[in-house]
Every structure is written in C-alpha cells, then in structure tokens.
Amino acid sequence: MNKRQLGSSDLYVSEISLGCMSLGSDTNKAKEIIDQAIDAGINYLDTADLYGFGQNEKIVGEAVKDRREDILIGTKVGNRFSAGQEDWTWDPSKKHIKEGVKDSLQRLGIDYIDLYQLHGGTIDDPINESIEAFEELRQEGLVREYGISSIRPNVIKEYVEKSNIVSVMMQYNALDRRPEEEVLNLLSNHSISVLARGPLAKGMLSSDGINKVQYKAENGFLEYSQDELLTIVKEWQGYTGDKRTAEALALQYVLHHPTVATAVFGASSVDQLHDNLRYLEAEPLSEQSYEEIQALTKDITYQKHRMK
C-alpha cells in the first residue's frame, strides 16, 4: 500500500483508508473489518465524536486497543451532545474543543489523536478562537496535527490563511467534482492535503451502481437527473473489467489529483471492505481515461459559500 504525506506533517497515510461511521454497533464485526483493513496496509481510521453519539469512537477504540502502533486515528469535534440525547448543537468554541478532545481520548482509549478535525464550520464561527484551541492541543501533545472537515470554500479559505491545518476532509468523487473548481488547487498551493470522503458517490460508482442509482437517486444527485446518472453509470462500467473494478476506478479517480492524500471509504461488512481493496490489484488509470471520465461527468461548481 502506497502512503502519501499529510500536508507538510510527519504523518503518512495509506492511499485508501477506512471511514468508520458505517461499522455498526457489533464490536466483534467491527474488529474483523478493521483488522483485515490494517492487514491489507490501511493505516488511517477516521471517526467522529458525533457518530453514534460517542459509540463509534468506543467501538473503534476497542477494536484497535492492541494495534495502536499500526495505525493513525482521526476523529472530529464541534458538535455538542449529551449522553442519552439524540440531538446536538454546533459549538466550535475553544472551551468545547478542549473538553471534546478529552472525551474522545477516553472513548478511544488512547493518549493522543493523530489528526483532530473540526467537524464542519461556518464563516460566522469564532475561527480565531477555534484555531487557538487546536494549536494549544498540539502544543500539549494531545493531538499530533489538526484539520477541518468542510465542503465550504469560504470557510476553507479562512483556515488556509489563518491556521496550520494539514488537511481538509471533503466530499469528492467523479460525480461531485466541485472541489476541482478552486479548492484543490488552493490547498495544493499551500501544501495542505485532502481526505476525500464519499469516493463511491453513495455507491453509485460501485459495481452495484445501477441499483444504487435506481433506489438512492430517484430525485437525482446534485445537478444530475436519475436518467443522466444511469447513463453515466452504464458508461462507467466500460472502464472496468479484468483490469479494474468499478470501486477501484472510483478510488483511482479521486487519487489522481496529487493533493488528495487518501480516499476514505466506508464499509459495513468484510465483503464491502474487500470490494474496495481490489484497488490494490487495479491497472493504473491512464491520463486519457481520466480525461474521458471528466468529459463523461459534469464540471459542477459550488453555488453557495464561495470564496471572496
């Protein structure tokens, strides 16, 4: 498994990594998925305090308690919630961030977090205060590096200009090419990496893509109608076969841009994990095929939260 540097940090993440939100509530099943992912070379696991209102962190922590040295753990903060209450409020304050990290460390059963991320963000947040909190946590040794999870170009720009983030997690796939408009180049110019979530576009770019479009995209997806999606997915299969699977192609597409450090996929079963691990066996994606895929899909742009 190739690894890519996260920004200009000392962290090197595997090109494909495991998003843990879909692991479910069965600790044994989650451990099996995580163990097989690590054995295959995946070294980055991504969770958040909000997933299952803390339960996902506990499950991940239990699953990796004997393998801490093999992995990098990323989690997120910014959503305030109370145990037993299935509701939350947005809170990017310094006080909450510094309280949140202690709760996450306890649930994960670890002494430090490799990548701590703000889970969202708006242009009206007390951004300087949030940055101060992350910087202090890094100085205290509770986090190694920090980043944000956001799709909002105006928020991303503020953090690029004001902070020492090493990464931005954002939705990016061959159907959602909005990051290509401005954000990828902005981050590349500042040596900040992207963690690309949703690389399979809700499964529409998987081997089961046609079925996924039929029952997940009845009202379309972004600027695509359902009929447009069905046409694209059928053509998508033309780039697959013995040389690569649909899943591998989806992962290869987002990893083509050098500022993408890792493609973060979810897996709720060992079979889904193995479908994504077929990426390791795939023939490299040629520049010609990459450009043909871009011609096949739409060059969608952000309509809100634009940079100024």
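You'll find the structure just up there.
Residues numbered from 1 in each chain as written. Predicted model: local features only at pLDDT ≥ 70, side-chain atom pairs only at ≥ 80, totals over all residues. Heavy atoms only, no water.

A. Just the environment of V155, in detail. Relative to the assigned elements, V155 resides in helix α5 (residues 153-162). Here V155 falls in the buried class, since its relative accessible area comes to 1%. With 63 residues separating them along the chain, V155 and P92 place their C-alpha atoms 13 Å apart. Not counting residues within four places of it along the chain, the set of residues in contact with V155 comprises G121, T122, I123 and S150. (Helix = DSSP H or I, 4+ residues; strand = E, 2+ residues; numbered from the N terminus. Buried < 20%, exposed > 50% of the residue type's maximum accessible area, 1.4 Å probe, protein only. Contact = heavy atoms within 4.5 Å.)

B. How the structure looks around helix α10 (residues 270-277). For α10, every residue scored as buried is listed here: V270, L273, N276 and L277. Looking down the long axis of α10, one finds its buried residues gathered within 120° of arc, a one-sided arrangement. (Arc of directions from axis to C-beta.)

C. Spatial organisation of the layout of surface pockets. The volume enclosed by the largest pocket comes to roughly 880 Å³. Lining of the largest pocket is provided by 33 residues; of these, S22, G198, K202, F265 and G266 occupy positions nearest its centre. Taken together, the elements giving at least two residues each to the lining of the largest pocket come down to β10 (167-171), α7 (209-216), β12 (260-266) and α10. When its residues are assigned to classes, the lining of the largest pocket shows 10 nonpolar, 14 polar and 9 charged. (1 Å grid on protein atoms, 1.4 Å probe; cavity = no way out; pocket = protein on both sides within 12 Å on 5 of 7 lines; lining within 4 Å. Points joined across faces, edges and corners; volume = space filled by probe spheres on them. Nonpolar A, V, L, I, M, F, W, Y, C, P; charged D, E, K, R; others polar.)

D. Structural detail: the side chain of D114. Within the secondary structure, D114 is located in strand β8 (residues 113-119). A polar atom in the side chain of D114 sits 3.0 Å from the side chain of R68. (Polar contact = N/O pair within 3.5 Å; in protein donor to acceptor, adjacent residues only side chain to side chain.)

E. Layout of the pairing of strand β9 (residues 143-149). With 6 of 7 residues buried, β9 is to be regarded as a mostly interior element. Here β8 runs beside β9; their pairing, made up of 6 bridges, is parallel. Note on β9: the bridge partner recorded for Q117 is G147. Traced from β8 through helix α4 (residues 127-139) to β9, the parallel crossover comes out right-handed. Examined bridge by bridge, β9 and β10 share 3 bridges and lie parallel to one another. By the bridge assignment, I148 is partnered in β10 with V168. In this region the chain leaves β9, passes through α5 and returns to the parallel neighbour β10; the handedness of that crossover is right-handed. (Pairing = 2+ DSSP bridges. Right-handed = clockwise from strand over helix to strand, strands pointing away.)

F. Region of interest: the pattern of salt bridges. Summed over the entire model, instances satisfying the criterion amount to 24 salt bridges. We note a salt bridge from E99 to K95, for which the minimum N-O separation is 2.7 Å. Of this pair, E99 and K95 both sit in helix α3 (residues 94-108), separated by 4 residues, roughly a single helical turn. Between E281 and R278 there is a salt bridge, with the nearest N and O atoms lying 3.0 Å from each other. E281 sits in the exposed class, given a relative accessible area of 57%. In this structure R278 comes out as partly exposed when scored by relative accessible area, which is 40%. Through salt bridges with shared partners, one network takes in K31, D35, D39, R67 and D70. (Salt bridge = Lys/Arg side-chain N within 4 Å of Asp/Glu carboxyl O.)

Coordinates in, geometry out; function isn't part of it.
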